[in-house]
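For reference, the chains in residue letters:
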Amino acid sequence: MLKEAAINLEKMTAEINLMENAVYVVIDGQLTKVTSKQFGEDTIIWKEGRVFDVIRSQRVRMSGQDVI
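Here's a quick rundown of the structure.

1. Concerning the environment of aspartate 66
Here is step 1: With respect to the helices and strands, aspartate 66 occurs in the segment after β6 (50-57).
Here is step 2: With relative accessibility at 81%, the residue aspartate 66 sits in the exposed group.
Here is step 3: Sequence separation of aspartate 66 and lysine 11 is 55 residues, and the distance between their C-alpha atoms is 54 Å.

Below, the structure is given as structure tokens:
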């Protein structure tokens, strides 16, 4: 369970910081925070109306590096 959010299990509510860039997914009352990254893309896969997977990809800007 997420530690940064103030969670009230009796009311099934959570208080989150709106100054932080993030995405939150709720599955069966469990809150999962998807944190931001410097560059890239997150794709949410749905199955039967529920979040099934999150696919995370990362973009690397080419600037003459020998290896990536």
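Next comes the rest of the account.
2. A short note on the pairing of strand β5 (residues 41-47)
Here is step 1: Pairing between β5 and β6: seven bridges, direction antiparallel. Bridge pairing in β6 places lysine 47 opposite arginine 50.
Here is step 2: Counting the residues in the hairpin turn of β5 and β6 gives two residues, including glutamate 48, whose phi is positive at 55 degrees.

3. Comments concerning unusual backbone geometry
Here is step 1: Positive phi outside glycine occurs at methionine 12, with the angle close to 55 degrees.
Here is step 2: Looking at the secondary structure, you find methionine 12 in the loop between β1 (6-8) and β2 (13-15).
Here is step 3: Taking the relative accessible area as the measure of exposure, methionine 12 reaches 55% and is therefore exposed.
Here is step 4: Here glutamate 48, not a glycine, exhibits a phi torsion of approximately 55 degrees, which is positive.
Here is step 5: Examined against the element boundaries, glutamate 48 turns out to sit in the loop between β5 and β6.

Reading the values: the criteria
- Residues numbered from 1 in each chain as written.
- Predicted model: local features only at pLDDT ≥ 70, side-chain atom pairs only at ≥ 80, totals over all residues.
- Heavy atoms only, no water.
- Helix = DSSP H or I, 4+ residues; strand = E, 2+ residues; numbered from the N terminus.
- Buried < 20%, exposed > 50% of the residue type's maximum accessible area, 1.4 Å probe, protein only.
- Pairing = 2+ DSSP bridges.

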